[in-house]
Amino acid sequence: MVKQKKIAIYGKGGIGKSTTVANIAASFSQNHKNVMVIGCDPKADTTRTLFGKRLPTILNTIKNTKNPRLGDIVFGGFGDVLCVESGGPEPGVGCAGRGVIVAMKLLEKLGAFEDDNLDVILYDVLGDVVCGGFAVPLKENYADEVFIVTSGEYMSLYAANNISKGIKKLKGNLGGIICNCKGIENEQIIVESFAKRIGTNVIGTIPRDELVQKSEIEAKTLIEKYPDSNQAKKYEKLAKNIFENNSYSIPNPMDDDEFEEFFINFSKI
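A brief structural summary. Please read these numbers as outputs of a predicted model, since none were measured by experiment. Position numbers for residues count from 1 along each chain, tracking the sequence in the order it is written. Local features in a predicted model are, by the rule used here, given only for residues with pLDDT of at least 70; side-chain atom pairs are given and counted only at 80 or more, and totals for whole chains, interfaces and linings are based on all residues. Side-chain numbers here rest on the full set of heavy atoms in the structure, without hydrogens or water.

So, the overall build of the chain
- A tally of regular secondary structure across the chain gives twelve helices and eight strands.
- Radius of gyration means the value over C-alpha atoms here, while the globule rule gives 2.2 Å times the residue count to the 0.38 power. Its C-alpha radius of gyration of 18 Å places the chain within 12% of the 18 Å reference for a compact globule of 269 residues.
- In the chain, buried positions account for 51% of the 269 residues.
- The long-range share in the chain, meaning contacts at least 24 apart out of those at least 6 apart in sequence, stands at 79%.
- In short, Shrake-Rupley with a 1.4 Å probe defines the accessible areas, and a residue's cover is counted only from the protein chains shown. For the chain, the exposed area adds up to about 12800 Å²; of that, 48% sits on carbon and sulfur atoms.
- If you average the places of the 33 positive and of the 34 negative side-chain charges in the chain, the two averages end up 2 Å apart. Secondary structure elements follow DSSP: runs of H or I no shorter than four residues count as helices, runs of E no shorter than two count as strands, and numbering proceeds from the N terminus. Only protein chains enter the accessibility calculation, which uses a 1.4 Å probe. A residue is then buried if its area is under 20% of the maximum for its type, exposed if over 50%, and partly exposed in between. Contacts were defined at the residue level, with two residues in contact if any of their heavy atoms lie within 4.5 Å. We score Asp and Glu as negative and Lys and Arg as positive, and we do not count His or the chain ends. Lysine's charge is taken at NZ, arginine's at CZ, aspartate's at CG and glutamate's at CD.

Laid out in structure tokens, this is it:
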């Protein structure tokens, strides 16, 4: 029996984590794998393209339902992917990471993680907010491995470097970097150099493609909307690489001065 893969995907807000996670999950499902996706971002938009619309979040559900059941917080989406959103407080009120803590505890209590038929559990986690709640998937051992989504942009890489500091502190298993391209000059070289510098590798590269936005406008993954496209093949390859990966490392992140020097050097190319 193949061991269940429990994967946390981290990255800067807006870098494309949710898009990446949703399309990886859809790719897994089309290859006969049973998948659960848990959105751990207060925006609660990870599963929108899998389910076709926004889900009721766990935080909102427990406000309105005294004793929620698993069916109140877990929903079937495209390819029978199980979809969950932790949710968060209203803007400016409370702790955003608290939603993750509450969600994990409730899912555990209701036995969501005890399904032996699940091949993959994917966590989509915000990575540029300094909040203990977002460390929960790693800190509480809900996830066994981590992948970081980044582009070659300064702030995206800066966030990725900070995330690697957290992974190192928690002694997490970094499986690699996902390069979600923004189309900047020397982007793949920059990201590959960054990965090597912190002691890991690029597990996959996703080029920029307008089909992604077109599919998201219809609240669908690209895998569902454009299954025969070259972009779909890129996501399928990434999903395959992640599922078959068995090489992990504890990262060796740069300090702020080292990172500045690293990034400035690419402006001279």
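That shown, we press on.
Thoughts on the packing of helix H7 (residues 154-169) against helix H12 (residues 256-266)
- Following both chains from N to C, one finds H7 and H12 inclined at 145°, their axes separated by 11 Å at the closest point. Taken as a pair, H7 and H12 cross one another with a handedness that is right-handed. Touching Tyr-154, Leu-157, Tyr-158, Asn-161 and Lys-165 of H7 are Asp-256, Phe-259, Glu-260 and Phe-263, all from H12.
- When the residues that make up the contact of H7 with H12 are grouped by side-chain class, the tally is five nonpolar, one polar and three charged. Note on method: axes are straight lines fitted to C-alpha atoms, helices fitted across the in-contact stretch only, with angles between N-to-C directions ranging 0 to 180 degrees. Should the near helix be turned anticlockwise from the far one by less than a right angle, the crossing is left-handed, and should it be turned clockwise, the crossing is right-handed. Basically, the charged four are Asp, Glu, Lys and Arg, the nonpolar ten are Ala, Val, Leu, Ile, Met, Phe, Trp, Tyr, Cys and Pro, and anything else, Gly included, counts as polar.

Focus: the sheet that holds strand E8 (residues 202-206)
- Criterion used throughout: strands pair if DSSP finds at least two bridges between them. One open sheet accounts for eight strands, arranged E3-E4-E2-E5-E1-E6-E7-E8; its pairing is mixed. Edge strands, defined here as strands with exactly one partner in the open sheet, are strand E3 (75-76) and E8.
- Of the strand pairs in this sheet, E3 and strand E4 (residues 82-85) are connected by two bridges, and their pairing is antiparallel. Bridge pairing links Phe-75 to Cys-83 in E4.
- Packed on one face of the sheet, helix H1 (residues 17-30) meets strand E1 (5-11), strand E2 (35-40), strand E5 (120-126), strand E6 (145-150) and strand E7 (174-180) and runs near 175° to E5.

Comments concerning the packing of aromatic side chains
- The rule is short: rings of Phe, Tyr and Trp, with Trp giving its six-membered ring, pair when the centres are within 6.5 Å, and they are stacked under 30 degrees, edge-to-face over 60, tilted in between. Within the structure shown, the criterion is met by eleven aromatic pairs.
- Considering the side-chain rings of Tyr-154 and Tyr-158, the 6.1 Å spacing of their centres and the 10° angle between planes classify their relative orientation as stacked. Pair noted here: Tyr-154 and Tyr-158 are both in helix H7, with a separation of four residues, about one helical turn.
- What makes Tyr-158 partly exposed here is its relative accessible area of 23%.

What about the side chain of Thr-19?
- Relative to the assigned elements, Thr-19 resides in helix H1.
- Among the residues examined, Thr-19 registers a relative accessible area of 16% and is labelled buried.
- When residues no more than four places from it in sequence are discounted, the contact partners of Thr-19 are Val-212, Glu-216 and Tyr-235.

Brief notes about the nonpolar core
- Ranked by internal contacts, the top residues of the largest apolar core, which has 43 residues, are Ile-38, Met-104, Leu-107, Phe-113, Tyr-123 and Phe-194.
- Considering each element in turn, this core owes the most residues, five residues, to helix H5 (residues 98-109).
- With near-sequence residues (within four places) excluded, Phe-113 lies in contact with Ile-38, Met-104, Leu-107, Glu-108, Ile-121, Tyr-123 and Tyr-142. The nonpolar core is taken to be a set of buried Ala, Val, Leu, Ile, Met, Phe, Trp, Tyr and Cys residues, with the residues joined through side-chain atoms within 4.5 Å.

What to know about the state of the cysteines
- The disulfide criterion is simple: two cysteine sulfur atoms within 2.5 Å. Taken as a whole and judged by the stated rule, the model has zero disulfides.
- For Cys-179, which is in no disulfide, the shortest distance to another cysteine sulfur is to Cys-181 and amounts to 3.7 Å.

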